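Descriptive structure summary
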Amino acid sequence: MNLIGVPVPPGFTITTEVCSEYYELGKDKVVELLKSDVEKAIANIETLMNSKFGDVENPLLVSVRSGARASMPGMMDTILNLGLNETVVEVLAKKSGNPRWAWDCYRRFIQMYSDVVMEVGKKYFEELIDKMKTERGVKQDVELTAEDLHELANQFKAEYKEKIGSDFPADPKEQLVGAIKVVTDMFLNKEVDRVYLALLWCLVLFLPWFRESRQSLSTRPIKQQHRKHIRQYFRMQNHLRNMIMMLMKQISLYLMRATMIQSMILRLPLIQTKRH
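Before going into details, it helps to say that this report is about the structure given with it. (Residues numbered from 1 in each chain as written. Predicted model: local features only at pLDDT ≥ 70, side-chain atom pairs only at ≥ 80, totals over all residues. Heavy atoms only, no water.)

Looking only at helices and strands, the protein features nine helices and four strands. Across the protein, helices and strands are ordered from the amino to the carboxyl terminus as β-α-α-β-β-α-α-α-α-α-α-α-β. Looking at the protein as a whole, 39% of its 276 residues are labelled buried. Sequence separation of 24 or more characterises 71% of the internal contacts of the protein that already satisfy a separation of 6 or more. (Helix = DSSP H or I, 4+ residues; strand = E, 2+ residues; numbered from the N terminus. Buried < 20%, exposed > 50% of the residue type's maximum accessible area, 1.4 Å probe, protein only. Contact = heavy atoms within 4.5 Å.)

Structural data, given as structure tokens:
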């Protein structure tokens, strides 16, 4: 899009080759090898955007997205507004003139990062939101004030520390490293697990039907002239069962491979594209 003149913000892509190396060398080793390249890429974005990670004048925020060669919409998670911390959110509140929006972005980022990167379930944060709405006597999130959301962000960080045992990361670069690590693990994504579970349910539902229908036919008196057709039915049934199991296996392999060869996209799109 950049090359055809569409005004999109800059970014960079960590390619599928790197994801393949991850499975050969291990997560920590690959992230360490990537460190210098990622730092250069971020520096380039900072130059293009005239902003910096954690800057008190013009802070840089990025989103981290995972992708795959085969489109899998909704299957893998995204981390938005990476780079927010207590200092940056105050800058956003001042520059935008909308402190409620700034604190809402921050509490959402804490919840998103905690869930996606550190696997602290969303339910813990939703419970805190519901509790605050009850205390404030409101029904909708939008009815919470900037002060409420500021307090909620602090509660979110306290919940994070209780579950993880350490403070929520304030350094944008530390946040980014955590996000890159978890994106390579997206093949274990809960949404993909649900697909596997659905496939298993198909197997559970279909196989008893095969067994019952076969037993039912085998107990009936069968005329000699029909035996040939019954044998053909059994063969067809076996073929159908094998096809279902083969299909399940192929879908599982497809999902695994499609995710394992994923790109890790930091959007803000490709750094390989040059601005003109």
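Under the defined criterion, the tally for this structure stands at 13 salt bridges. We note a salt bridge from aspartate 115 to lysine 122, for which the minimum N-O separation is 4.0 Å. Judged by relative accessible area, which is 48%, lysine 122 ranks as partly exposed. The salt bridge partner of aspartate 141 is lysine 133, with a shortest N-O separation of 2.9 Å. Salt bridges sharing common partners tie together Asp104, Arg107, Arg108, Asp130, Lys133 and Asp141. (Salt bridge = Lys/Arg side-chain N within 4 Å of Asp/Glu carboxyl O.)

With that settled, consider helix H3 (residues 86–96). For H3, every residue scored as buried is listed here: Val88, Val89, Val91, Leu92 and Ala93. Elements in contact with the buried residues of H3: helix H4 (99–116). Among the residues of H3, the N-terminal cap falls to asparagine 85, whose side-chain oxygen and the backbone nitrogen of threonine 87 are separated by 3.1 Å. Glycine 97 sits one or two residues past H3 and shows a positive phi near 70 degrees. (Polar contact = N/O pair within 3.5 Å; in protein donor to acceptor, adjacent residues only side chain to side chain.)

Along the chain, glutamate 39 turns up in helix H2 (residues 27–49). The partly exposed category is assigned to glutamate 39, whose relative accessible area is 41%. Between the C-alpha atom of glutamate 39 and that of lysine 173, which follows or precedes it by 134 residues, the distance is 8.6 Å.

Right, let's get into a nonpolar patch on the surface. Nonpolar side chains collect at one region of the surface, where Met1, Leu3, Ile4 and Val6 lie side by side and expose about 440 Å² of accessible area between them. One can find leucine 3 in the segment before strand E1 (12–14). (Patch = residues over 30% accessible without salt bridge, like charges linked within 9 Å, V, L, I, M, F, W, Y side chains within 5 Å. Areas by Shrake-Rupley, 256 points an atom, 1.4 Å probe, with all protein chains shown as cover.)

Attention now goes to H2. At lysine 35, H2 shows its maximal kink, close to 45 degrees. Within H2 the residues assigned to the buried category are Val30, Val31, Leu34, Val38, Ala41, Ile42, Ile45 and Glu46. (Bend = angle between axes of the 7 residues up to and from the residue.)

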